[in-house]
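Understanding the architecture of this molecule
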Amino acid sequence: LATMIGLSMLSGMRLGEQRALTWGAIDFVTHSIAVTKSLRANNVLAKPKSEAGIRSIPISSALVKMLQETRKAAKFSGVADAVFANSLGNATDPGTITRHWIKLYDEAIATWPKGQPTPPRPRWHDLRHFCTSVWLESGMQPKAVQSFIGHETIDMTMRIYAHIFENAEMNG
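Throughout what follows, the structure given in this document is the object of discussion. (Residues numbered from 1 in each chain as written. Predicted model: local features only at pLDDT ≥ 70, side-chain atom pairs only at ≥ 80, totals over all residues. Heavy atoms only, no water.)

Here the focus is the overall build of the protein chain. Within the protein chain, the secondary structure is distributed over eight helices and five strands. Secondary structure of the protein chain in N-to-C order comes out as α-α-β-β-β-β-β-α-α-α-α-α-α. With respect to the three principal axes, the spread of C-alpha positions in the protein chain is 50 × 45 × 30 Å. Going through the 172 residues of the protein chain one by one, you find that 36% of them count as buried. (Helix = DSSP H or I, 4+ residues; strand = E, 2+ residues; numbered from the N terminus. Buried < 20%, exposed > 50% of the residue type's maximum accessible area, 1.4 Å probe, protein only.)

The next thing to look at is the sheet that holds strand E5 (residues 55–58). Spatially, E1-E2-E5 is the arrangement adopted by the three strands of the open sheet, whose pairing is antiparallel. The strands lining the two open edges of the sheet, one partner per strand, are strand E1 (26–27) and E5. Here E1 pairs with strand E2 (residues 32–35) via two bridges, running antiparallel. Residue Asp27 lies in a different strand from E2, and its bridge partner there is Ser32. (Pairing = 2+ DSSP bridges.)

Moving on, we come to the environment of Val83. Inspection of the secondary structure assignment puts Val83 in the loop between helix H3 (61–73) and helix H4 (94–110). By relative accessible area, which is 6% here, Val83 ends up buried. Remark: the alpha-carbon pair of Val83 and Thr70, spanning 13 residues in sequence, is separated by 8.3 Å. If we skip the residues at most four places from it in the chain, Val83 touches Leu21, Thr22, Trp23, Ile26 and Leu67. (Contact = heavy atoms within 4.5 Å.)

This part covers helix H5 (residues 125–137). Over its 13 residues, H5 extends 19 Å from the first C-alpha to the last, a length consistent with the 18 Å expected when each residue adds 1.5 Å. For H5, the complete set of buried residues consists of Leu127, Arg128, Cys131, Thr132, Ser133, Trp135 and Leu136. Remark: Gly139 follows H5 within two positions and exhibits a positive phi of approximately 100 degrees. (Expected span 1.5 Å × (residues − 1).)

Here the focus is the nonpolar core. In terms of nonpolar packing, the biggest core is built from 30 residues, with Leu21, Ile26, Ile33 and Leu67 touching the most fellow members. Ranked by the residues each element gives to this core, the list is headed by H5, at four residues. Look past the residues within four positions of Leu67 in its chain and what remains in contact with it is Thr3, Trp23, Ile26, Phe28, Ile33, Ile59 and Val83. (Core = buried A, V, L, I, M, F, W, Y, C linked by side-chain atoms within 4.5 Å.)

Next comes the structure, spelled out in structure tokens:
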């Protein structure tokens, strides 16, 4: 799950896009991922959410290393194999991912200081928002962010993440 979380936080990929990701879609030389498909909850392979969802995402050296280590340890590591495969080589079920995500949250909260308000459990999709927010807050051009996360229009990106620009203006 650690690699999948890292991929979400550092690439902004949707869960279905991660489930459909094969080793052949990762370019370890150019440090990029080609997003061309998505795996729906009913295990139907489809195109991404929109035409803009077909894209190339740059990835960091740290994420490349994490993915290389995952591949070395994987039972299924051919170019057509799912990066996040179950024991049979099929894409990991979204319910399994959610159960592990909830368990991870519950373990973290178990040690939460008594008397302190408990943070709400984040949704898996919040990792995508984290990535996008970090990109925008670091000064990446909104048009590039739009392209990397696969939004159809810049208006959509700006509408969803307007609070980042408002906070920047308030903080000078």
